[in-house]
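Listed below are the residues making up each chain.
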Amino acid sequence: VQLQASGGGLVQAGGSLRLSCAASGRAFNTYTVTWFRQAPGKEREFVAYIRGGSRTTNYADSVKGRFTISRDNIENTVYLQMVSLKPEDTAVYYCAASRTAILSSLRSTTAYNYWGQGTQVTVSS
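This section reports on the structure supplied with the text. (Residues numbered from 1 in each chain as written. Predicted model: local features only at pLDDT ≥ 70, side-chain atom pairs only at ≥ 80, totals over all residues. Heavy atoms only, no water.)

1. Focus: the overall build of the chain
Scanning the chain from N- to C-terminus turns up 0 helices and 11 strands. Its C-alpha radius of gyration of 13 Å places the chain within 12% of the 14 Å reference for a compact globule of 125 residues. Over its C-alpha atoms, taken along the principal directions, the chain stretches across nearly 40 × 25 × 25 Å. For the chain, the residues scored as buried account for 45% of the 125 residues in total. Here the chain has roughly 6400 Å² of accessible surface; of this, 46% comes from carbon and sulfur atoms. (Helix = DSSP H or I, 4+ residues; strand = E, 2+ residues; numbered from the N terminus. Rg over C-alpha atoms; globule rule 2.2 N^0.38 Å. Buried < 20%, exposed > 50% of the residue type's maximum accessible area, 1.4 Å probe, protein only. Areas by Shrake-Rupley, 256 points an atom, 1.4 Å probe, with all protein chains shown as cover.)

2. Side note on the sheet that holds strand β8 (residues 77-82)
One open sheet accounts for 4 strands, arranged β1-β3-β8-β7; its pairing is antiparallel. Looking at which strands have only one partner, the edges of the open sheet turn out to be β1 (2-6) and β7 (67-72). Strand-to-strand twist in this sheet, taken as the mean axis angle between neighbours without regard to direction, amounts to 15 degrees. Pairing of β7 with β8 involves 6 bridges; the strand directions are antiparallel. Within the sheet, the bridge partner assigned to Arg 71 lies in β8 and is Val 78. (Pairing = 2+ DSSP bridges. Axes fitted to C-alpha atoms, helices over the stretch in contact; angles between N-to-C directions.)

3. Notes on the state of the cysteines
On inspection of all chains with the given rule, the structure shows 1 disulfide. The disulfide bridge from Cys 21 ends at Cys 95, spanning 2.2 Å between sulfur atoms. A torsion of 75 degrees about the S-S bond marks the disulfide between Cys 21 and Cys 95 as right-handed. Within this pair, whereas Cys 21 is found in strand β3 (residues 17-24), its partner Cys 95 is found in strand β9 (residues 91-98), the two being separated by 74 residues in sequence. Both residues of the pair, Cys 21 and Cys 95, count as buried. (Disulfide = S-S within 2.5 Å.)

4. Brief notes about the packing of aromatic side chains
How two aromatic rings sit relative to each other is given by the distance of their centres and the angle of their planes. Tallying each qualifying case throughout the model produces 6 aromatic pairs. With a centroid separation of 6.3 Å and 75 degrees between ring planes, the pair formed by Phe 36 and Phe 46 is classed as edge-to-face. Of this pair, Phe 36 sits in strand β4 (residues 32-38) while Phe 46 sits in strand β5 (residues 45-50), and the two are 10 residues apart along the sequence. The pair formed by Phe 36 and Phe 46 is uniform in burial state, with each residue classed as buried. Where Phe 46 meets Tyr 49, the ring centres are 5.9 Å apart and the plane angle is 55 degrees; that geometry is what we call tilted. Here Phe 46 matches Tyr 49 in class, with each residue buried. Between Arg 44 and the ring centre of Tyr 94, over which it is positioned, the NZ or CZ distance is 3.7 Å. The side chain of Arg 71 reaches across the aromatic face of Phe 28, ending 4.7 Å from its centre. (Phe/Tyr/Trp six-rings, centres within 6.5 Å; stacked < 30°, edge-to-face > 60°. Lys NZ or Arg CZ within 6 Å of the ring centre and 35° of its normal.)

Here it is in C-alpha cells:
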C-alpha cells in the first residue's frame, strides 16, 4: 500500500481543514488507517484511527469533538475533517496504515508499516 497525504495549509484559529490520505494497492478496506502528527521538537503523536471492516474510530483527547475521521473505501481515501482549529494543532500530519496491528497497539507509531509523506498544517493565532 502506498499512501499520499494532502490538504494541509495555513488557517486562522477557529478555522477548518480537511486532510486526505489517498491509498493505492489492494484490499484497502481491510486496513486500519491512522493520522499522527508531529510538531517541531516533539515526538510524533496519535490523532485518530479508523478500522477497516468495522469502521470503528478512536481519537486523542486533544482533538475529540473537533476532528472527525472517515473513509471512502471505493475511492480508497481516508479523511480527517478538522474544525475549531487551535494554534497547538500546528504540526506535520501523517497518515499510516496497517492490516495486522492489534487493537491495543493502534495508537502507537510502531504498529504501522505504511506511511504517507506528511502534510503541513499551520494554525495562526
